[in-house]
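Analysis of the macromolecular model
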Amino acid sequence: MYPVPVLKKSNYKAVPMLANESVLVVELFYEIENRKPLRLIYVGFDRIQLDGHGQYILTMEEKVSKSYNIHHFGLASAEELSKREDPIAIPMAPIVPNTKEKEALISFIKRKYPILWENSPEIVELSIQSRFNKHSDLVNLVKKSTVIRRINKLAEYK
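Residues numbered from 1 in each chain as written. Predicted model: local features only at pLDDT ≥ 70, side-chain atom pairs only at ≥ 80, totals over all residues. Heavy atoms only, no water.

1. Describing the overall build of the chain
Rule in force here: Labels follow the DSSP assignment, with helices taken as runs of H or I lasting at least four residues and strands as runs of E lasting at least two, numbered in each case from the N terminus. The globule rule is 2.2 Å times the number of residues to the power 0.38, and the radius of gyration it is compared with is taken over C-alpha atoms. Only protein chains enter the area calculation, which uses a 1.4 Å probe; residues under 20% of their type maximum are buried, those over 50% are exposed, and those in between are partly exposed. Computed with the Shrake-Rupley method and a 1.4 Å probe, the accessible areas treat only the protein chains shown as cover for residues. Only four residue types enter the charge count, namely Lys and Arg as positive and Asp and Glu as negative; His and the chain termini do not. In this description, the location of a charge corresponds to atom NZ of lysine, CZ of arginine, CG of aspartate or CD of glutamate.
Across its full length, the chain holds five helices and two strands. Seen in sequence order, the chain has helices and strands lined up from the N terminus as β-β-α-α-α-α-α. Expected size for 158 residues packed as a compact globule is a radius of gyration near 15 Å; at 20 Å, the chain overshoots this value by more than 25%. Expressed along its principal axes, the backbone C-alpha trace of the chain runs to roughly 65 × 40 × 30 Å. For the chain, with 158 residues in total, the buried portion stands at 26%. Carbon and sulfur atoms make up 56% of the accessible area of the chain, which amounts to about 11,500 Å² in all. One way to put it: in the chain the 24 positive side-chain charges average out to a point 1 Å from where the 19 negative ones average out.

2. Examining the pairing of strand β1 (residues 22-33)
Regular strands have side chains that alternate between both faces of the sheet. What counts, and what does not: A pair of strands is considered paired only if DSSP assigns at least 2 bridges between the two.
Here β1 pairs with strand β2 (residues 36-49) via twelve bridges, running antiparallel. Each bridged residue has a counterpart across the sheet, and for valine 25 the counterpart in β2 is aspartate 46. Counted along the chain from β1 to the antiparallel partner β2, the turn is two residues long, and its residue asparagine 34 has a positive phi close to 55 degrees.

3. With respect to the nonpolar core
Quick reminder of the rule: Take the buried Ala, Val, Leu, Ile, Met, Phe, Trp, Tyr and Cys residues and link them wherever side-chain atoms come within 4.5 Å; each set so joined is a nonpolar core. Contacts are assigned to residue pairs with any non-hydrogen atoms lying within 4.5 Å of each other.
The biggest cluster of nonpolar side chains holds 13 residues, and the ones touching the most others in it are Leu40, Val43, Phe45, Leu105, Ile109, Val124 and Ile128. Where this core is concerned, the elements lending two or more residues are β2, α4 (99-112) and α5 (120-157). Broken down by element, this core gets its largest block of residues, four residues, from α4. Those residues in contact with isoleucine 109 that sit more than four places away from it in its chain are Leu28, Leu40, Pro114, Leu116, Trp117 and Ser120. Grouped together as the second largest cluster of nonpolar side chains are nine residues, Ala78, Ile88, Ala89 and Val142 included.

4. Digging into the side chain of serine 127
Examined against the element boundaries, serine 127 turns out to sit in helix α5. Once residues within four sequence positions are removed from consideration, serine 127 is found in contact with Tyr42, Val43 and Phe45.

5. Brief notes about unusual backbone geometry
Positive phi, normally seen in glycine, also occurs at asparagine 34, with a value near 55 degrees. Counting through the fold element by element, asparagine 34 comes out in the loop between β1 and β2. In this structure, arginine 35 takes a positive phi of about 65 degrees despite not being glycine. You can see arginine 35 is positioned in the loop between β1 and β2.

Rendered as structure tokens:
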């Protein structure tokens, strides 16, 4: 676990010991009171690839990849998706920590921010479950749009 502050323009401080590694980025969103952490609100996850110097540089390709689900499914209904000319896209899988990463995160919060520990296990689980639920909703949207598309094609042939 390496705490790395986010610098200007979404740049991260280099971590040379993780050069050329794919790493899980965890963002902790918490309330503060009197300039001290009070309560964990949300935990965000992302996987990034560090370069040979342990630096992360956000490329245009990564920006497009990160907005894939929004681009393909944002505000679209199953009917709207079924009417598109292109093949229906498959939703990208959610980015969540594995068991070892989750244990390391909880251990880090417990050690570094004991005041946040009180509600952190629940918030971590809720954040992970929220990502799985959102992915499941997108998969169901794709399934519904595929069924509608097939029904419409069958109607055209009759």
